[in-house]
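# Overview (structure and organization)
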Amino acid sequence: MTSASVQFRRGTAADLPAVVAMLADDPLGAARERAATPLAACYVEAFAAMERQGGNELVIGELDGTIVACLQLLVLPGISMQGATRAQIEGVRVASAHRGRRIGEALVHEAMRRAVAAGCTVMQLSSNIARTDARRFYERLGFVASHVGMKCILADVTPAIPSPFPTDR
């Protein structure tokens, strides 16, 4: 079975249990996701927010009616690079039982096609530094580690953010 058998479509709320299960199916995801039944409301709320936003879609890969891959594709208009519109991909996953069949490659290529159709000229992503296999995968697909990615958990720094208003009024 090859990636040619996989069909891609826009995700729906009904896909969320399978998507969350894939997100949780590795050591990093297991520590930060809640793949329980019933599905936590936070996932349903996040999906609804994505749908309202526009330019933000869940892409699903199906094989014989079973969800085997997913990613989130965001279209980000910008000012830099002469007004370039970027595509960002997040949460790229292939179900563990289906890895090694080039499904991930087909999924990213599908995201690239959708991004080009949306007028994007650049695609970007971040990958946890611990995911060395993922880095090799993305490099094989033409991605270049051209920037240093950084993240900040806002709850960890919120008390240190200065208020824009004086407190001695």
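Scope of this entry: the structure provided in the associated data block. (Residues numbered from 1 in each chain as written. Predicted model: local features only at pLDDT ≥ 70, side-chain atom pairs only at ≥ 80, totals over all residues. Heavy atoms only, no water.)

### Quick look at the packing of helix H5 (residues 103–117) against helix H6 (residues 132–140)
Cut-off, in case you're wondering: Note on method: axes are straight lines fitted to C-alpha atoms, helices fitted across the in-contact stretch only, with angles between N-to-C directions ranging 0 to 180 degrees. By definition, any uninterrupted DSSP run of H or I lasting at least four residues is a helix, any uninterrupted run of E lasting at least two residues is a strand, and each is numbered from the N terminus. Any angle that is under 35 degrees is reported as roughly parallel, and any over 145 degrees as roughly antiparallel; angles of 65 to 115 degrees are reported as roughly perpendicular and all others as oblique. When the near helix sits turned anticlockwise from the far one by under a right angle, the crossing is termed left-handed; a clockwise turn instead gives a right-handed crossing. The contact criterion used is simple: two residues touch if any of their non-hydrogen atoms lie within 4.5 Å.
Across the interface, H5 lies against H6 with an axial gap of 11 Å and an inter-helix angle of 55°. The pairing of H5 with H6 is recorded here as oblique in orientation. For the pair H5 and H6, the sense of crossing is right-handed. Judged by residue contacts, Gly-104, Glu-105 and Val-108 of H5 engage Phe-137, Tyr-138 and Arg-140 from H6.

### Describing the pattern of salt bridges
Here is the rule we go by: Within this document, salt bridges are pairs made up of a side-chain nitrogen of Lys or Arg and a carboxyl oxygen of Asp or Glu, the two lying within 4 Å of each other. Exposure is judged per residue with a 1.4 Å probe applied to protein chains only, and the accessible area is read against the type maximum: over 50% gives exposed, under 20% gives buried, and values in between give partly exposed.
Taken as a whole and judged by the stated rule, the model has 13 salt bridges. Between Glu-105 and Arg-140 there is a salt bridge; the shortest N-O distance is 2.8 Å. Taken together, the residues span a long stretch of sequence, with Glu-105 in helix H5 and Arg-140 in helix H6 at a distance of 35 residues. Owing to a relative accessible area of 16%, Glu-105 belongs among the buried residues under this scheme. The residue Arg-114 makes a salt bridge to Glu-110 at a minimum N-O spacing of 2.8 Å. Of this pair, Arg-114 and Glu-110 both sit in helix H5, separated by 4 residues, roughly a single helical turn. Residue class for Glu-110 comes out buried when judged on its relative accessible area of 14%. Taken together, the shared-partner salt bridges connect Arg-10, Glu-51, Glu-57, Glu-110, Arg-113 and Arg-114 into one network.

### Here we look at H6
What counts here: This arc describes the spread of directions from the helix axis toward the C-beta atoms.
Along H6, the residues that are buried comprise Ala-134, Phe-137 and Tyr-138. Taken around the axis of H6, the buried residues stretch over an arc of 95°, which confines them to a single face. Among the exposed residues of H6, those pointing more than 90 degrees away from its buried face are Asp-133 and Arg-136. Residues of H6 that are buried sit in contact with strand E4 (85–94), H5 and strand E5 (122–125). Looking one or two places after H6, you find Gly-142, whose phi comes out positive at around 105°.

### Points about the environment of Gly-29
Note on placement: Gly-29 falls in helix H2 (residues 27–32). Those residues in contact with Gly-29, other than ones at most four positions away along the chain, are Leu-23, Ala-24 and Arg-131.

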